[in-house]
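Survey of secondary and tertiary structure
These are the residues of each chain, in order.
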Amino acid sequence: MTDHDDPIPRNFEAWRHCIEHWCGIPLTREFAEQRIKALEDPADEHTRRYIDCYGEDYHRQVLAWFRQFLDTAPA
């Protein structure tokens, strides 16, 4: 099994592949900024469920991957 086959991404490349290929979502600056805003909102119901399902550490890691994407994405 490769990193891209793991249902829960464990690194930036696998996470990006999951979003773009498995989910079919174009990873854009706008999408990343929206997701960061939602994931940083502890009052957001989806964020609370995400943390309940995947845990605080993974939540922080996914936020870091979105920020890493923004650091390298064209403006």
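Data block above holds the structure.
Owing to the predicted nature of the structure, the values given are computational and were not obtained by experimental measurement. (Residues numbered from 1 in each chain as written. Predicted model: local features only at pLDDT ≥ 70, side-chain atom pairs only at ≥ 80, totals over all residues. Heavy atoms only, no water.)

1. So, the pattern of salt bridges
Working definition: two side chains of opposite charge can pair if their charged atoms are close together. Taken as a whole and judged by the stated rule, the model has 6 salt bridges. As a salt-bridge pair, R16 and E20 come within 3.3 Å of each other at their nearest N and O atoms. Of the two residues, R16 and E20 both sit in helix 1 (residues 12–22), 4 residues apart, roughly one turn of that helix. In this structure, E56 and R60 form a salt bridge, with 3.7 Å as the shortest nitrogen-oxygen distance. Taken as a pair, E56 and R60 lie in helix 4 (residues 56–72) at a separation of 4 residues, close to a single helical turn. Look at the salt bridges and you will find they share partners, linking E45, R48 and R49 into a network. (Salt bridge = Lys/Arg side-chain N within 4 Å of Asp/Glu carboxyl O. Helix = DSSP H or I, 4+ residues; strand = E, 2+ residues; numbered from the N terminus.)

2. Concerning the side chain of T47
You can see T47 is positioned in helix 3 (residues 45–54). Accessibility expressed as a relative area gives 2% for T47, which makes it buried. Look past the residues within four positions of T47 in its chain and what remains in contact with it is A38, L39, D41 and H59. (Buried < 20%, exposed > 50% of the residue type's maximum accessible area, 1.4 Å probe, protein only. Contact = heavy atoms within 4.5 Å.)

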